[in-house]
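# Architecture and fold: a report
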Amino acid sequence: MAEEDDLYPIAILIDELKNEDIQLRLNSIKRLGTIAVALGEERTRTELIPFLHENTDDEDEVLLAMAEELGSFVGHVGGPEYGYFLLSPLETLSMVEETVVRDKAVESLSKIGEVLPEAHIVQHFFPLIKKLATGEWFTSRVSSCGLFEVAYARSPTSLRQELRQLFYQLCHDDTPMVRRAAAQNLGKVAAKVEREFVKTEIMALFTELTQDEQDSVRLLAVEGCAAFGKLLEKEDCVAYVVPIVQKFAQDKSWRVRYMVAQQLYELCEAVGADLAVQELVPAYVKLLKDSEAEVRIAAAGKVAQLCKLCSTESAISQILPCVKELANDNSQHVRAALASVVMALAPVLGKAATIDQLVPIFLSLLKDEWPDVRLNIISKLDHVNQVVGIDLLSQSLLPAIVELAEDKHWRIRLAIIEYMPLLASQLGVAFFDEKLGALCRGWLQDQVYSIREVATLNLKKLAEEFGSDWAQTHLVPQVLGMAKNGNYLHRMTVLTALSLLAPYVSQDVCCNVMLPVVLGAAKDRVPNIKFNVARLTQSFVPLVGSNIVESSIRPTLLELSSDPDSDVRFFAGQALSVCDACRV
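These remarks concern the structure in this document. Nothing here was measured: the structure is a model prediction, and the numbers come from that model. (Residues numbered from 1 in each chain as written. Predicted model: local features only at pLDDT ≥ 70, side-chain atom pairs only at ≥ 80, totals over all residues. Heavy atoms only, no water.)

### Looking at the overall build of the protein chain
The helix and strand tally for the protein chain stands at 36 helices and 0 strands. In terms of overall size, the protein chain is more extended than a compact globule, its C-alpha atoms giving a radius of gyration of 34 Å where 584 residues would be expected to give roughly 25 Å. In terms of its C-alpha atoms, the protein chain occupies a principal-axis envelope of roughly 90 × 85 × 35 Å. Considering the protein chain as a whole, with its 584 residues, one finds that 52% of them fall into the buried category. Restricting to contacts in the protein chain with at least 6 residues of sequence separation, those with at least 24 account for 67%. Surface exposure of the protein chain reaches about 26300 Å², of which carbon and sulfur atoms provide 50%. With 56 positive and 79 negative side-chain charges, the protein chain shows a spacing of 6 Å between the two charge centroids. (Helix = DSSP H or I, 4+ residues; strand = E, 2+ residues; numbered from the N terminus. Rg over C-alpha atoms; globule rule 2.2 N^0.38 Å. Buried < 20%, exposed > 50% of the residue type's maximum accessible area, 1.4 Å probe, protein only. Contact = heavy atoms within 4.5 Å. Areas by Shrake-Rupley, 256 points an atom, 1.4 Å probe, with all protein chains shown as cover. Lys, Arg positive; Asp, Glu negative; His and termini not counted. Charge placed at Lys NZ, Arg CZ, Asp CG, Glu CD.)

Structure follows, in structure tokens:
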């Protein structure tokens with residue numbers, strides 16, 4: 001009987017893995033850890049792992065789950081000294097056709113390689129890499145490229161020469177996919193290789209990959225530029241890496257130029273500000289003027305970062321003219337990318353340059369026909385306020401913001417509302433009342449529900465920002481003035497606004513000014529209004545005294561509980577339950 005119990009977990013696994021239902025097989029793989037615990041470490045090594053190795057011919061989803069599970073299986077097989085038992089099934093998975101399965105198998109192999117004893121690196125891990133790197137199918141050679149980083153760091157000196165030789169062969173493989181994988185991992189391998197070999201062997205490989213005929217290989221080599229920039233001394237970086245980047249910035253493939261634009265800032269950091277301005281900013285300027293919109297998008301997104309590295313004079317003389325051109329670019333995506341970062345230039349360039357050079361760009365983008373461009377500018381207004389001050393902001397940018405608040409695109413109006421609390425905190429209460437208060441109240445009667453909904457939340461946030469006295473004086477009277485609006489949707493919005501403002505006013509205003517209006521709406525002819533009265537009075541119950549609950553709220557709810565409309569009766573019942581709970 002005990003023997004049958006011991007066999008039960010593996011028998012269940014076998015049955016489920018042979019089931020035609022892929023979800024059942026997938027669930028079984030995800031429970032491998034539980035099965036391993038039931039079997040124990042020795043039987044996991046001798047029975048479960050061999051069984052899994054024999055069942056690697058399955059759907060990709062199942063194999064992916066298996067590759068992921070085996071990466072955390074070292075503890076189940078008895079610890080690092082038995083980790084090599086997991087290499088065989090993962091080796092098979094690293095050679096399958098599906099990329100995501102191979103990548104996950106390589107990730108799991110790397111995890112195991114990091115904890116294996118050094119002797120097992122020599123006996124098991126190195127032979128595995130050699131087998132994969134010299135395999136007939138390109139899939140195994142691709143996977144091997146991702147293992148050199150771990151293997152090299154943990155291998156004895158006697159094996160490192162052979163590992164570098166194997167990697168050299170992969171960098172010169174006939175198959176572009178293998179060279180791509182080698183280029184992608186070259187920077188990681190270089191970080192583990194001894195410094196003397198980086199300058200001699202690894203840099204030679206890097207240079208060759210940057211000249212590869214396949215643009216897919218070259219663009220992955222670009223990623224190594226920043227890595228090599230951090231590994232090499234500045235002099236070597238200028239001598240070896242910078243010329244490659246300058247050449248890449250003019251590559252015939254736009255994908256390569258795009259990758260340069262993405263990586264250029266990291267390389268500038270590596271070489272330092274002075275050398276960056278002298279050697280790399282001219283290449284960056286070319287990327288800002290590139291013929292392909294995708295390249296300009298990537299370059300525009302780095303404008304603020306590059307300007308921080310430069311002196312103010314360099315930024316104004318070299319980069320800012322390109323920024324002005326991009327603000328009028330034919331591609332709305334380029335303008336949107338610029339708008340998302342251009343406001344951050346204000347602290348970099350200072351007040352005078354911001355007023356003279358940047359504010360006209362901001363205004364141009366604020367009036368852009370494309371909504372995303374305007375949204376990106378609005379969301380970063382605080383950067384400018386910190387530099388130019390509220391007076392200048394109000395004179396230059398605020399009129400454009402007020403215009404956007406009435407934009408025909410409701411998403412633009414929505415964005416303005418969402419940033420209104422931020423503007424309020426920056427502008428101050430007096431300025432806000434004068435310039436923007438009427439706008440905030442007007443949004444309560446917008447034609448779009450999402451605008452009205454967010455407008456009520458906006459009033460709540462403004463009450464939090466400016467305090468109870470301000471809310472009682474500037475918000476409550478104006479909101480109450482809309483309670484008799486002919487449109488029932490607007491009347492409903494008023495009720496929501498009052499319920500949200502109630503916690504921010506005094507109890508006297510809540511009981512004697514706001515609550516009567518809410519309860520009075522129970523006589524409305526529209527059922528939607530009535531059930532919202534029942535629903536929203538629940539938020540008033542904790543704020544008013546028990547006398548008010550019994551004398552005003554409960555009678556109104558009892559009347560609504562006998563309403564012909566089922567929704568009204570339902571919410572009235574809920575509200576009465578809240579009243580009963582407060583009574584207790």
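### Quick notes on helix α23 (residues 371-378)
Taken residue by residue, α23 has Val373, Arg374, Ile377 and Ile378 as its buried positions. Viewed along the axis of α23, the buried residues span an arc of 130°, placing them on a single side of the element. (Arc of directions from axis to C-beta.)

### What about the packing of helix α20 (residues 312-326) against helix α22 (residues 345-366)?
The N-to-C vectors of α20 and α22 enclose an angle of 40°; their axes lie 12 Å apart at closest approach. Regarding the angle of α20 to α22, the classification is oblique. The way α20 lies across α22 gives a crossing that is right-handed. On α22, the residues touching Thr312, Ala315, Ile316, Leu320, Val323 and Lys324 of α20 are Leu345, Val348, Leu349, Ala353, Gln357, Leu358 and Ile361. (Axes fitted to C-alpha atoms, helices over the stretch in contact; angles between N-to-C directions. Parallel < 35°, antiparallel > 145°, perpendicular 65-115°, else oblique. Left-handed = near helix turned anticlockwise from the far one by under 90°.)

### Describing α20
Structural remark: α-helix, 3.6 residues per turn; residues separated by three or four positions point the same way. With 15 residues, α20 extends 19 Å between its outermost C-alpha atoms, agreeing within 8% with the 21 Å of an ideal straight helix rising 1.5 Å per residue. Where α20 bends most, at Ile319, the angle is about 45°, and the proline Pro321 comes one to four residues later. If you check which residues of α20 are buried, you get Ser314, Ala315, Ile319, Leu320, Cys322, Val323 and Leu326. Buried positions along α20 lie against α17 (273-288), α18 (293-300), α19 (303-309), α21 (332-342) and α22. (Expected span 1.5 Å × (residues − 1). Bend = angle between axes of the 7 residues up to and from the residue.)

### Regarding the packing of aromatic side chains
Counting across every chain of the model gives 7 aromatic pairs. Aromatic side chains Phe466 and Trp470 sit 4.8 Å apart centroid to centroid with 70° between the ring planes, which places their arrangement in the edge-to-face category. Judged by relative accessible area, Trp470 falls into the buried class, the value being 8%. A network of ring pairs unites the aromatic residues Tyr82, Tyr84 and Phe85 as a single cluster. Across the ring face of Tyr82, the terminal group of Arg45 is positioned such that the distance to the ring centre comes to 3.9 Å. Taking the ring centre of Phe197 as reference, the NZ or CZ of Arg164 above it sits at 3.6 Å. (Phe/Tyr/Trp six-rings, centres within 6.5 Å; stacked < 30°, edge-to-face > 60°. Lys NZ or Arg CZ within 6 Å of the ring centre and 35° of its normal.)

### Describing the side chain of Asn185
With respect to the helices and strands, the residue Asn185 is situated in helix α12 (residues 176-192). Dropping the residues within four chain positions of it, Asn185 is found in contact with Cys145, Gly146 and Phe167.

### What about the environment of Leu64?
With respect to the helices, strands and loops of the structure, Leu64 is situated in helix α5 (residues 60-71). Remark: the alpha-carbon pair of Leu64 and Arg102, spanning 38 residues in sequence, is separated by 8.2 Å. Those residues within four positions of Leu64 in sequence are excluded, and the remaining contacts are Val100, Val101 and Lys104.

### Let's talk about a negative patch on the surface
On the surface, Glu59, Asp60, Glu61 and Glu97 cluster together to form a negatively charged patch. Owing to a relative accessible area of 41%, Glu59 belongs among the partly exposed residues under this scheme. (Patch = residues over 30% accessible without salt bridge, like charges linked within 9 Å, V, L, I, M, F, W, Y side chains within 5 Å. Salt bridge = Lys/Arg side-chain N within 4 Å of Asp/Glu carboxyl O.)

### With respect to the nonpolar core
Counting residues in hydrophobic clusters, the biggest one holds 208 residues, and the most contacted among them are Leu52, Phe125, Phe228, Val342, Trp443 and Ile553. A per-element tally of this core places α22 first, with 10 residues. Non-local contacts of Trp443, meaning those with residues more than four positions away in its chain, are made with Ala405, Ile416, Ile417, Met420, Ile451, Arg452, Ala455 and Asn458. (Core = buried A, V, L, I, M, F, W, Y, C linked by side-chain atoms within 4.5 Å.)

### A short note on the pattern of salt bridges
Per the stated rule, a full pass over the model turns up 18 salt bridges. The shortest N-O distance in the salt bridge between Arg296 and Asp329 comes to 2.8 Å. Taken together, the residues span a long stretch of sequence, with Arg296 in helix α18 and Asp329 in the loop between α20 and α21 at a distance of 33 residues. Considered together, Arg296 and Asp329 belong to a single accessibility category, that of buried residues. Among the salt bridges present, the one from Arg554 reaches Asp580, with a minimum N-O distance of 2.9 Å. Of this pair, Arg554 sits in helix α35 (residues 546-560) while Asp580 sits in helix α36 (residues 566-583), and the two are 26 residues apart along the sequence. What you see here is one network of salt bridges that share partners, running through Glu550, Arg554 and Asp580.

### Some details on the state of the cysteines
Taken as a whole and assessed by the stated rule, the structure comprises 0 disulfides. For the unlinked cysteine Cys511, the closest cysteine sulfur is that of Cys510, found at 5.3 Å. (Disulfide = S-S within 2.5 Å.)

### Quick notes on the packing of helix α30 (residues 449-466) against helix α31 (residues 468-480)
Taken N-terminus to C-terminus, the directions of α30 and α31 make an angle of 160°; their axes are 9 Å apart at the nearest point. In terms of orientation, α30 and α31 fall into the roughly antiparallel class. Touching Leu459, Leu462, Ala463 and Phe466 of α30 are Trp470, Ala471, Leu475 and Val479, all from α31. Classifying every residue of the contact of α30 with α31 gives 8 nonpolar, no polar and no charged. (Nonpolar A, V, L, I, M, F, W, Y, C, P; charged D, E, K, R; others polar.)

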